[in-house]
Amino acid sequence: MIGILGIGMIAAVVGAVAFATLRDGSTDAAAVEPITDPAERERAGAAALALVRYDPAQVGYQITFEPGRAGVRAQVDRSSKTIGVFLRRGDLPHVVAHDIAHELGHAYDQARMDASDRSEYLSRRSVPDAPWLPEGDSDYGVGAGDFAEVFALCHSSSADFRSTLAPRPDNPCAVLPSGAR
């Protein structure tokens, strides 16, 4: 049902739906070795956060570093204005930085964008009729996920790009609204 909403209705929906979960495709909890020591998580998280060029405070969010879990790398909690990052042993700092920046893209979208901004963004990405919100778990094939991935390219040192909606942009920062650059 969400996928058929008009772009004009999305602003009201985005604030109420907590769909912004960065999935990793894994389902085997035994294969995930979480970092359980809080001090070790803080060190690993700080190393990744140092690679992110966007301050979470700009959108009123805080970052928390939690033990890793299967299927989820990071998620936004809009009610508490936190981004939970689920750290696993072996995570590379640039990948975690990408996860953080992806969720910051969702936070920016929720805090600063309206239906007109979203429509303009989709046009710049040459997918003007794409839905903004996902119907399932993954957001990589809709506007919100593509925006978060482009935001992550612009604001982290990661070369990862997971969107399936449109090709990787040559200049990711130029595709974003001016306030998101």
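Scroll up a little and you will see the structure.
Treat the numbers as computed from the prediction; the structure is a model and nothing was measured.

Thresholds applied
Residues numbered from 1 in each chain as written. Predicted model: local features only at pLDDT ≥ 70, side-chain atom pairs only at ≥ 80, totals over all residues. Heavy atoms only, no water. Phe/Tyr/Trp six-rings, centres within 6.5 Å; stacked < 30°, edge-to-face > 60°. Helix = DSSP H or I, 4+ residues; strand = E, 2+ residues; numbered from the N terminus. Buried < 20%, exposed > 50% of the residue type's maximum accessible area, 1.4 Å probe, protein only. Lys NZ or Arg CZ within 6 Å of the ring centre and 35° of its normal. Salt bridge = Lys/Arg side-chain N within 4 Å of Asp/Glu carboxyl O. Axes fitted to C-alpha atoms, helices over the stretch in contact; angles between N-to-C directions. Parallel < 35°, antiparallel > 145°, perpendicular 65-115°, else oblique. Left-handed = near helix turned anticlockwise from the far one by under 90°. Contact = heavy atoms within 4.5 Å. Nonpolar A, V, L, I, M, F, W, Y, C, P; charged D, E, K, R; others polar.

### Considering the packing of aromatic side chains
Within a pair of aromatic rings, the relevant descriptors are the distance that separates the centres and the angle that separates the planes.
At step 1: On inspection of all chains with the given rule, the structure shows 8 aromatic pairs.
At step 2: A centroid spacing of 5.1 Å and a plane angle of 75 degrees characterise the contact between Tyr 54 and Phe 151, whose relative ring orientation is edge-to-face. Of the two residues, Tyr 54 is situated in the loop between helix H2 (38–49) and strand E2 (62–67) and Phe 151 in helix H5 (residues 143–155); the sequence distance between them amounts to 97 residues. Taken as a pair, Tyr 54 and Phe 151 share a single burial class, namely buried.
At step 3: Between the aromatic rings of Tyr 121 and Trp 132, the centroid separation amounts to 6.0 Å while the plane-to-plane angle is 85 degrees, which identifies the pairing as edge-to-face. With a gap of 11 residues between them, Tyr 121 in helix H4 (residues 115–124) and Trp 132 in the loop between H4 and H5 connect regions that are remote in the sequence. Exposure class is identical for Tyr 121 and Trp 132. Each is buried.
At step 4: Grouped by ring-pair contacts, the aromatic residues Tyr 54, Tyr 108, Tyr 121, Trp 132, Phe 147 and Phe 151 constitute a single cluster.
At step 5: We note Arg 69 situated over the ring of Phe 86; from NZ or CZ to the ring centre the distance is 4.2 Å.

### Describing the pattern of salt bridges
At step 1: The tally for this structure, following the rule as stated, stands at 8 salt bridges.
At step 2: For the salt bridge of Glu 33 with Arg 89, the shortest nitrogen-to-oxygen distance reads 3.0 Å. On the criterion of sequence distance, the pair formed by Glu 33 in the loop between strand E1 (21–23) and H2 and Arg 89 in the loop between strand E4 (82–87) and helix H3 (93–112) is long-range, its members being 56 residues apart.
At step 3: Residue Arg 89 is classed as partly exposed on the basis of its relative accessible area, which comes to 37%.
At step 4: Taking the shortest distance from any N to any O, the salt bridge between Arg 125 and Asp 146 comes out at 2.7 Å. With Arg 125 in the loop between H4 and H5 and Asp 146 in helix H5, the pair connects residues that are 21 residues apart, well separated along the chain.
At step 5: Under the relative-accessibility criterion, Arg 125 is labelled buried at 8%.
At step 6: What makes Asp 146 buried here is its relative accessible area of 0%.
At step 7: Several salt bridges converge on common partners, so that one network encompasses Arg 73, Asp 91, Asp 99, Asp 160 and Arg 162.

### Re the packing of H3 against H5
At step 1: Contact geometry for H3 and H5: axes closest at 7 Å, N-to-C directions at 125 degrees. With respect to their mutual orientation, H3 and H5 come out oblique. The two elements H3 and H5 meet at a crossing, and its hand is right-handed. Each of His 98, Ala 101, His 102, Leu 104, Gly 105, His 106, Tyr 108 and Asp 109 in H3 lies in contact with H5, whose residues at this interface are Ala 144, Gly 145, Phe 147, Ala 148, Glu 149, Phe 151 and Ala 152.
At step 2: Each residue belonging to the contact of H3 with H5 can be placed in one class, and the counts come to 8 nonpolar, 5 polar and 2 charged.

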